[in-house]
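Results of the structural survey
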Number of protein chains: 4
Amino acid sequence: MDLSHQWTSFLENATEEEQEVAALFLESMKRKKTGENGTHIGALMGVTSKFQEPNILKMTIPNTELLQNSLEILHGGITATLLDSAMGTLAFKLIPEDKAAVTTEMKINYVAKGIGTHFDCVASVIHQGSKLLVMEGKVYRSDHTLIAHATGSFFIIPKKR
Amino acid sequence: MDLSHQWTSFLENATEEEQEVAALFLESMKRKKTGENGTHIGALMGVTSKFQEPNILKMTIPNTELLQNSLEILHGGITATLLDSAMGTLAFKLIPEDKAAVTTEMKINYVAKGIGTHFDCVASVIHQGSKLLVMEGKVYRSDHTLIAHATGSFFIIPKKR
Amino acid sequence: MDLSHQWTSFLENATEEEQEVAALFLESMKRKKTGENGTHIGALMGVTSKFQEPNILKMTIPNTELLQNSLEILHGGITATLLDSAMGTLAFKLIPEDKAAVTTEMKINYVAKGIGTHFDCVASVIHQGSKLLVMEGKVYRSDHTLIAHATGSFFIIPKKR
Amino acid sequence: MDLSHQWTSFLENATEEEQEVAALFLESMKRKKTGENGTHIGALMGVTSKFQEPNILKMTIPNTELLQNSLEILHGGITATLLDSAMGTLAFKLIPEDKAAVTTEMKINYVAKGIGTHFDCVASVIHQGSKLLVMEGKVYRSDHTLIAHATGSFFIIPKKR
């Protein structure tokens, strides 16, 4: 049975929730295909981002059941992914074009439940050195409550061709 | 156009890579449906886990393109998700049944590239108190190289009914 | 030989640097005796602190050879002590009088060399919960360069009588 | 009044506790003078250390009132200093003689009260790269209870001449 038939067969007996998730998967594939998101994870999370002056990046994701733990709260790993992505994206913007930035460490304090309609992550710079960037990231839920705070270190290395 | 037709239509023009990803999505939906995985994220990652004595949990994920960053390396956020899940699952095993454990903080050191066929995360206990658990997690790639080390704190709270 | 004679005997053959250090020790004993500092460590570091609105604490120490590592740079452990003290002092201010705050974890990023005439540590609040406070601390040297950034968690517990 | 007279004058009216502290200060000056300790802080803490195979360092300090907070518990900053010193000393042992190791970040989990007669810190290696070392440190009190756990990153840099 080919893949289309497998999907069709699965969807015939799918619950409403499963159909929603299947729709989220399809949307994420399209976002990846169009280049709207560079990675499958970014596409699954529905990441959008915007640089703000000076040296601030705001990255936003909608809250979907895809991203939740079994208590229907944003999974701490997704919060970490959002923070790493936002701090890393900002790091890349701050370094020369022939360099790359890799996360060497990250620490996250989880301070409130991740609930609501969407999450905003604000990344900023703590220290910019020639070899290392130290970044800060904060995640807010839609009612503006801080849910997580992070600091991370990014090594600046030559970009592979 | 209903969802089945949308999937069929998407898959008609899909690249080989997109078909692979679509197959991964479908498999993850099935793992979630059967209860093999409790969350969509766990299902997308293909998480399996096994307790080892004494008080050790080993959690394994296959390496798929779904989990990679744009450099085809395991996304640091997925590494974080694996660590949080493994330490949290072990935490839940160590506390009374009427209690829950929530991550209050986690710090990760990323020490080598996440490449290879699969990743093993080994979670263990640093300190078990009556209110707080401090856990350690280590992620190894298939050639047994350590790729990440984490410590995390888990609050022990009454379980919601 | 009693303690006074031992000190006198030591100081007779002391280098200029040793005399300076002996003078710093004596000053610290006086600061502890008068209650200017509550602990010997605080007295040795010459800690002074001042609350600033809203919910900000500034703690200052002079740079002395007592506090330096073998490279004549502020010892990372002293930086940590300053950060823990400042964040902890602020935590105590924010909680009810019958409560105490204890550090459960702290993470420090060291970003520049600790040199200059003195160091200012600015502590502020990231999150204030009923059981846990998450604090931020920044240490600046006298030329206003950030040398260290920290986040820390403080448990709120009943005060012992 | 010269320094000897100032010390003599202070000691005439000193409490028993102050005399003990003055004796600790004098001992620490002697340990620094003989080179038993390389820094004043190390001397004040009474640090001794011993390498253990393979790539393990054990650093020990006695518990004295000099090192305690106002609750007569080992000051968290001193715990941090012990951890940074032990991990850093081990780092220096592992790198070529023309290199130095500097702490770039450290995270500590405090898990039990620092009480008892002395404290042992055991430092070991999590990852040894060509540019970065990631170390682990554990502090035990004299009854063998773990009181603190740390991880830290050390940059390997050319040694200044």
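Right above here is the structure, for reference.
Cut-offs applied
- Residues numbered from 1 in each chain as written.
- Chains lettered and ligands numbered in written order.
- Predicted model: local features only at pLDDT ≥ 70, side-chain atom pairs only at ≥ 80, totals over all residues.
- Heavy atoms only, no water.
- Helix = DSSP H or I, 4+ residues; strand = E, 2+ residues; numbered from the N terminus.
- Contact = heavy atoms within 4.5 Å.
- Areas by Shrake-Rupley, 256 points an atom, 1.4 Å probe, with all protein chains shown as cover.
- Lys, Arg positive; Asp, Glu negative; His and termini not counted.
- Charge placed at Lys NZ, Arg CZ, Asp CG, Glu CD.
- Salt bridge = Lys/Arg side-chain N within 4 Å of Asp/Glu carboxyl O.
- Buried < 20%, exposed > 50% of the residue type's maximum accessible area, 1.4 Å probe, protein only.
- Patch = residues over 30% accessible without salt bridge, like charges linked within 9 Å, V, L, I, M, F, W, Y side chains within 5 Å.
- Axes fitted to C-alpha atoms, helices over the stretch in contact; angles between N-to-C directions.
- Parallel < 35°, antiparallel > 145°, perpendicular 65-115°, else oblique.
- Left-handed = near helix turned anticlockwise from the far one by under 90°.
- Pairing = 2+ DSSP bridges.
- Least-squares fit on C-alpha atoms with pLDDT ≥ 70 in both.
- Buried area = accessible area lost by both parts, 1.4 Å probe.
- Arc of directions from axis to C-beta.
- Polar contact = N/O pair within 3.5 Å; in protein donor to acceptor, adjacent residues only side chain to side chain.

A few words now on the overall build of chain A. On a plain count of helices and strands, chain A comes out with four helices and six strands. Secondary structure elements in chain A, listed N-terminal to C-terminal, are α-α-α-β-β-α-β-β-β-β. Based on the C-alpha atoms only, the size of chain A along its principal axes is roughly 55 × 40 × 25 Å. In chain A, the share of contacts with a sequence separation of at least 24, taken over all contacts with a separation of at least 6, comes to 58%. Only carbon and sulfur atoms are counted for the fraction: they give 51% of the accessible area of chain A, which is about 7100 Å². Looking at chain A, you have 16 positive and 18 negative side-chain charges, and the mean spots of the two groups are 13 Å apart.

Now for the pattern of salt bridges. Tallied over the entire structure, the rule returns twelve salt bridges over all chains. With a shortest N-O distance of 2.7 Å, B:E105 and D:K107 are connected by a salt bridge. One end of the pair, B:E105, is in strand β3 (residues 99–110); the other, D:K107, is in strand β3 (residues 99–110), on a second chain. The same class applies to B:E105 and to D:K107, which are both buried. Ionic pairing is found between D:R141 and D:D143, a salt bridge with its closest N-O pair at 2.9 Å.

Residue and element names in this part refer to chain A. Together, E16, E17, E20 and E72 line one region of the surface with negative charge. Considering the arrangement of structural elements, one finds E16 in helix α2 (residues 16–33). The class for E16 is exposed, based on a relative accessible area of 65%.

Attention now moves to the packing of helix α1 (residues 3–12) of chain C against helix α2 (residues 16–33) of chain D. Taken N-terminus to C-terminus, the directions of α1(C) and α2(D) make an angle of 30°; their axes are 11 Å apart at the nearest point. When the axes of α1(C) and α2(D) are compared, the pair comes out roughly parallel. When you trace α1(C) past α2(D), the crossing you get is left-handed. Where α1(C) approaches α2(D), its residues C:L3, C:Q6, C:W7 and C:F10 are matched on the opposing element by D:Q19, D:A22, D:A23, D:F25, D:L26, D:M29, D:K30 and D:K33.

What follows covers the sheet that holds strand β1 (residues 48–52) of chain D. Read across the open sheet, the twelve strands follow the order β1(C)-β2(C)-β4(C)-β5(C)-β6(C)-β3(C)-β3(D)-β6(D)-β5(D)-β4(D)-β2(D)-β1(D); overall the sheet is antiparallel. Each having just a single partner strand, β1 (48–52) of chain C together with β1 of chain D make up the two edges of the open sheet. Each strand of the sheet is rotated relative to its neighbour by a mean of 25°, with strand direction disregarded. Sheet analysis places β1(C) next to strand β2 (residues 56–62) of chain C, joined by five bridges and oriented antiparallel. From the neighbouring strand, C:T48 faces β2(C), where its bridge partner is C:T60.

Of the two same-sequence chains, chain B is brought onto chain A (RMSD 0.0 Å, axial shift 0.0 Å) by a rotation of 180°. Taken together, these values place the two copies in the relation of a two-fold axis. Residue B:K107, judged by its C-alpha, is the member of chain B lying nearest the rotation axis, at 2.0 Å.

Let us now look at the interface of chain B and chain A. The partner chain A presents 49 residues to the 49 residues of chain B that form the contact. It is B:W7, B:M29 and B:H40 that lose the most area in chain B upon contact with chain A, and together they represent 15% of the buried surface on that side. The interface formed by chain B and chain A includes two salt bridges. Between B:K33 and A:E18 there is a salt bridge, and its shortest N-O distance comes to 2.7 Å. Among the elements of the structure, α1 (3–12), α2 (16–33), α3 (40–45), α4 (76–94) and β3 of chain B are those that each provide at least two residues to the side of chain B that touches chain A. It is α2(B) that contributes the most residues to the side of chain B that touches chain A, twelve residues altogether.

Okay, α1(C) next. Looking at α1(C), one finds that the buried residues are C:L3, C:S4, C:W7, C:F10 and C:L11. End-on, the buried residues of α1(C) take up no more than an arc of 130°, which puts them together on one face. Pointing more than 90 degrees away from the buried face of α1(C) are the exposed residues C:H5 and C:E12. Buried residues along α1(C) sit in contact with α2 (16–33) of chain C together with α1 (3–12) and α2 of chain D.

A few words now on the sheet that holds strand β1 (residues 48–52) of chain B. Read from one edge of the open sheet, twelve strands run β1(A)-β2(A)-β4(A)-β5(A)-β6(A)-β3(A)-β3(B)-β6(B)-β5(B)-β4(B)-β2(B)-β1(B), paired in antiparallel fashion. Edge positions in the sheet fall to β1 (48–52) of chain A together with β1 of chain B, since each has one partner strand and no second. Between one strand axis and the next, the sheet turns through 25° on average, direction left out of account. Relative to strand β5 (residues 132–141) of chain B, strand β4 (residues 118–128) of chain B is paired through nine bridges, and the arrangement is antiparallel. Within β5(B), the position partnered with B:D120 by the bridge is B:Y140. Most of the contacts of helix α4 (residues 76–94) of chain A go to strand β3 (residues 99–110) of chain A, to which it runs at about 145°, and overall it touches β1, β2 (56–62), β3, β4 (118–128), β5 (132–141) and β6 (146–158) of chain A. Where α4(B) meets the sheet, it contacts β1, β2 (56–62), β3, β4, β5 and β6 (146–158) of chain B, and its direction lies at approximately 145° from that of β3(B).

By the element assignment, B:T39 lies in the loop between α2 and α3. There is a polar contact of 3.0 Å between the side chain of B:T39 and the backbone nitrogen of B:G42. When sequence neighbours within four positions are dropped, the list of residues in contact with B:T39 reads A:Q68, A:N69, A:S70 and B:K32.

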